[in-house]
Amino acid sequence: MSDLIIETAGLTKQYGAQVSVSHLDLHVQKGRIYGLLGRNGAGKTTAMKMLLGLTAPTAGTVRLFGRPLKGHEKQLLPRIGSLIESPGFYPNLTGTENLMIFARLRHLTDTGAVRHALGLVDLPYKDKKLYSQYSLGMKQRLAIALAVMHDPDLLILDEPINGLDPIGIAEMRAFIRTLCDEGGKTVLISSHILSEIALLADDIGIIDHGILLEEASLKALEQKNGRYLQFQVSDAQAAATLLQNRLGIRNAAVRDGHTLTAADPQLDAGEAVTLFVGSGLTVWEAHLYEDTLEDYFKKITGGEGIA
């Protein structure tokens, strides 16, 4: 049995001549957090709407929980909690009152579901504060409470940390991680904030102009990122020759008379420094530099970063 909770094949959405999503092949594994990264307008929201049946694809297929979405919407969609756009909460009601209304609409007879959902996002039950008086962070947490109130197996969250302050972002990150690790949920989260996704996601998909450019585990992407050692030495050319002749390092680059870089993953900084000093060179500095997810995003999109 497949562990894929979401699987799309050739998923495409076209509005007239404009292609919003093009031949998207997405694979979200059970019990993991998948971060869909892309600039604003890259096609993230459109893709999520197709997964939820909110917009019909021009071409391609969607499979959820191992079954095709088309023809099985009534069985599959209740197993999903989502936050795509701000829910239509009533400003003149409290958070609890708002959730009570949605609970009745969803035929949730367990009155503890609302209390539990509010507790998960650290909002008070039966508080007197009206929704109109909520901060942005509280509104976002209430929206998440609505998404998890019916205890779904899958969460699809579109930019849930947008507009939150650093404390709110950290709280949201911890909450989502707990839902996955302790609650057994599968999470698909979109964002244009790469640094946050790097702290949260297990798997990454990079989408640009509607095209999925890369899909891999975060660990695999980190291994693809550039890693190099940089040395400040008395004679960079002599140091490069030593690396080649004594250690077999052939990709060392001399940037100037005193700066040497080497991108070979087998090179040990301590071994290199020992070799240089033992050969009469003076070493002032030795640093390890590694590319970030932002650097990798720039590399494969051929453009600027997004965060």
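All values reported here derive from a predicted model rather than from experimental measurement.

Draft legend 1. Focus on helix α5 (residues 136-148). Taking 1.5 Å as the rise per residue, α5 with 13 residues should run 18 Å; its terminal C-alpha atoms sit 19 Å apart, in good agreement. Most of α5 sits inside the fold, with 11 of its 13 residues counted as buried. Every buried residue of α5 is listed here: G137, M138, Q140, R141, L142, A143, I144, A145, L146, A147 and V148. Where α5 is buried, its residues touch β7 (80-83), α3 (95-105), α4 (112-120), β8 (154-158) and α6 (166-181).

Draft legend 2. Summary view of the environment of K44. Structurally, the position occupied by K44 is in helix α1 (residues 44-51). Sequence separation of K44 and Q29 is 15 residues, and the distance between their C-alpha atoms is 18 Å. Once you skip the residues sitting within four places of it in the chain, K44 turns out to touch L36, L37, G38, R39, E159, S190, S191 and I207. A polar side-chain atom of K44 sits 3.0 Å from the main-chain carbonyl oxygen of R39.

Draft legend 3. Focus on the sheet that holds strand β10 (residues 203-208). Read across the open sheet, the six strands follow the order β7-β8-β9-β4-β10-β11; overall the sheet is mixed. Unpaired on one side and paired on the other, β7 and β11 (211-217) mark the two borders of the sheet. Sheet twist, expressed as the mean angle between neighbouring strand axes with direction ignored, is 15°. Strand direction decides the pairing type here: β10 and β11, joined by six bridges, are antiparallel. In the sheet register, D203 faces β11, and the bridge partner there is S217. Each of β4 (33-37), β8 and β9 (186-191) is contacted by α6, which is oriented at about 135° to β4, the strand it contacts most. Packing against the sheet, helix α11 (residues 293-301) makes contact with β4, β10 and β11, and its axis sits at approximately 40° to β10.

Draft legend 4. Local environment of unusual backbone geometry. One non-glycine residue with positive phi stands out, namely H23, at about 50°. Checked against the element boundaries, H23 lands in strand β2 (residues 18-24).

Draft legend 5. Just the pattern of salt bridges, in detail. Applying the stated criterion across every chain, the model contains 10 salt bridges. A salt bridge links E85 to K49, with the shortest nitrogen-to-oxygen separation between them at 3.2 Å. One end of the pair, E85, is in the loop between β7 and α3; the other, K49, is in helix α1, with 36 residues separating them in the sequence. With a relative accessible area of 55%, E85 lands in the exposed category. With relative accessibility at 24%, the residue K49 sits in the partly exposed group. The partner of K185 in a salt bridge is D151, and the shortest N-O contact between them spans 2.4 Å. Here K185, found in the loop between α6 and β9, pairs with D151, found in the loop between α5 and β8; they are 34 residues apart in sequence, far enough to count as distant. We classify K185 as buried; its relative accessible area is 10%. You can call D151 exposed: its relative accessible area is 55%. Here the residues in one salt-bridge network are R177, D181 and D202, joined through shared partners.

What counts and how
- Residues numbered from 1 in each chain as written.
- Predicted model: local features only at pLDDT ≥ 70, side-chain atom pairs only at ≥ 80, totals over all residues.
- Heavy atoms only, no water.
- Helix = DSSP H or I, 4+ residues; strand = E, 2+ residues; numbered from the N terminus.
- Expected span 1.5 Å × (residues − 1).
- Buried < 20%, exposed > 50% of the residue type's maximum accessible area, 1.4 Å probe, protein only.
- Contact = heavy atoms within 4.5 Å.
- Polar contact = N/O pair within 3.5 Å; in protein donor to acceptor, adjacent residues only side chain to side chain.
- Pairing = 2+ DSSP bridges.
- Axes fitted to C-alpha atoms, helices over the stretch in contact; angles between N-to-C directions.
- Salt bridge = Lys/Arg side-chain N within 4 Å of Asp/Glu carboxyl O.

From the geometry alone we can't say anything about function, so treat these as descriptive.
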